[in-house]
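Spelled out, the chains give:
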Amino acid sequence: MFILFLVVSLISSINATSIVSRSQSYPLSQPAVHGPKTGLFIGNGRIAPDGYSRSATLVNGAFPGTLITGKKGDKFEIDVVNKLYDDSMFQVTSVHWHGINQNKTNYADGASNITQCPITPDHSFSYSFSDPNQAGTFWYHSHYSVQYCDGLRGPLIIYDPEDPWAHLYDVDDASTVITFADWYHDIAPKLQGKISFADSMLINGIGHYYGAEGRRTKPAVITVTPGKRYRLRLIQMSCETAVQFSIDGHSLTIIEADGELTQKLVVDRLQILAGQRYSVILNATQPVDNYWVRGIPNYNQTYNGSAILRYEGATETEPTTVDTPSTHPLRETDLHALINPVAPGIREYGKADINITLDVSFRNDSGSNGAHFYVNGATLESPSSPVLSQILNGTDASQLEPHKSMYVLGPNKVVEVTIKMNTTIESGGPHPMHLHGHSFYVVQSADADDNTFNYENPVRRDVVSTGIVRNQTVIRWVTDNSGPWFLHCHIDWHLDEGFGVVMAESPQDTPAHVSPVPHEWGRLCPIYNEYVGHTLTGSQGNSDLH
């Protein structure tokens, strides 16, 4: 405990200048690697990743957060310590391990008021989980309100020593992890309920913003050796903004989407939505030079993301390469799962064991209600206690909260969910829908024709675009992981406005499936409830669902 106290004190005492320096230097050299047993100290500090200084929510004093790695089959034990003190931002927290299925460890999923109560200041919680079958590119982020927009997000990589595609690349390490994150100059609590656009798109934690010429930051540099092949792991950690990713003069071969291996697909540009990840192979076979790495946001108000791909031997100058029109951009319908490619169940639309349609609408009310999304007429509201707590306490499935946003599913059933976007242009988009606890088969993509389905070899992933106005997306999975799982838009502002539902898989089986639940998990709610009782004012707000 004494050692822990010293470490916490050290992290808390880091001054603003050193935090800024660390944030700016992170992408320029291979970052430190932690895990699978490690600690994350969540605190506040000032950073200027795009040249504009602001207070932020940091992981171990840095943004992006610590790179956590492990090998397939490893047990992760990650102590999250809350040392937040800035009362202008959220001071409670929880951490979601995005893409990890948490089979038998639903309590470690990290979704506030779905699978746990938040962690209060000066308290901690140890997230412990493993999965013998998962490997790939993942990430972690706050799942409390819109907190991760203030900085609590970082990469998580699980390497597979027997990767079927290992013969395609020579280098796959910390230096080939590439993160994208939109960045706001205003703190997240001020932006809730407002239409806002990010000021900049950061690549590996560095970017620019309009009007920042006098405070221009140096772009992140990705160095490659001529003739070598690199597995680039692309992680989209944005709160809202989608990006078009490309590297001037280079084609890219996709081999993974959201922790699931795919058949090889050569593209020259990828649209990557918030929450999505890809692994691509880059062959360093072009002339020795500097090339722009581009992350072009889908909003003109956001400054383009840029980094430099630098061949060894090239001068240390900015590239002069140009962005040429794409000739073979990624289409999701061209992606196909490498392993177990056939979707489960009868290969016909509407013929799953359980068929659910989610009609999504949006209203921007002029009164005090503000903007809200509605799924089948209901906007997501915070339950009185976490859904997992309700289940473990014996609440009947028909009485689980939030009632209007709860879908109870039987065990070992094929579920087919159709998501229909009956929204307006002003609702933003494309909307990235993320399912906790599972990867799913995308049997109809939003960019497919209305009557085009693929049950033979669709892509399998955990975040899918549901498009914009009048688009439809259809996904399938099997309910073999008992527990309450979030299905929500990964634009964090939209989830905050009610765009989500809960899929409660065989709740009658959950107590046995997740047993034993850690004692520390059971203490989170009493501690949080006492904290809320003593917090009469401040920035915690009422929106603590996610």
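In what follows, the accompanying structure is described. Bear in mind the structure is a predicted one, so any value in this text is a computation, not a measurement.

## Considerations on the overall build of the chain
Across its full length, the chain carries seven helices and 31 strands. The globule rule puts the C-alpha radius of gyration for 546 residues at 24 Å, and the 22 Å found for the chain is close to it. Projecting the C-alpha coordinates of the chain onto the three principal axes gives extents of approximately 65 × 55 × 50 Å. Taking all 546 residues of the chain together, 60% fall into the buried category. Counting contacts in the chain only where the partners sit at least 6 residues apart, residues at least 24 apart contribute 77% of the total. Summed over its atoms, the accessible surface of the chain is roughly 20800 Å², and 49% of this surface lies on carbon and sulfur atoms. When the 36 basic and 56 acidic side-chain charges of the chain are each reduced to a single mean position, those positions are 3 Å apart.

## Section: the nonpolar core
Core analysis: the biggest nonpolar cluster contains 110 residues, and W97, L270, Y278 and V417 have the highest contact counts within it. In terms of residue count, strand β21 (residues 354–364) provides more of this core than any other element does, five residues in total. Excluding residues within four positions of it along the chain, Y278 makes contact with L232, R233, L234, I254, E256, A257, L270, Q271, I272, L330, L335 and R461. Within the second largest apolar cluster, eleven residues are counted, among which are A111, L400, F486 and V502.

## A closer look at the sheet that holds strand β22 (residues 371–375)
Strands sit in the order β22-β21-β24-β29-β26-β27 across an open sheet of six strands; the sheet is mixed. Of all strands in the sheet, those with a lone pairing partner are β22 and β27 (460–461), marking the two edges. Here strand β26 (residues 440–444) pairs with strand β29 (residues 472–478) via three bridges, running antiparallel. Residue pairing across strands places Y441 opposite R476, the latter belonging to β29.

Cut-off values and rules
Residues numbered from 1 in each chain as written. Predicted model: local features only at pLDDT ≥ 70, side-chain atom pairs only at ≥ 80, totals over all residues. Heavy atoms only, no water. Helix = DSSP H or I, 4+ residues; strand = E, 2+ residues; numbered from the N terminus. Rg over C-alpha atoms; globule rule 2.2 N^0.38 Å. Buried < 20%, exposed > 50% of the residue type's maximum accessible area, 1.4 Å probe, protein only. Contact = heavy atoms within 4.5 Å. Areas by Shrake-Rupley, 256 points an atom, 1.4 Å probe, with all protein chains shown as cover. Lys, Arg positive; Asp, Glu negative; His and termini not counted. Charge placed at Lys NZ, Arg CZ, Asp CG, Glu CD. Core = buried A, V, L, I, M, F, W, Y, C linked by side-chain atoms within 4.5 Å. Pairing = 2+ DSSP bridges.

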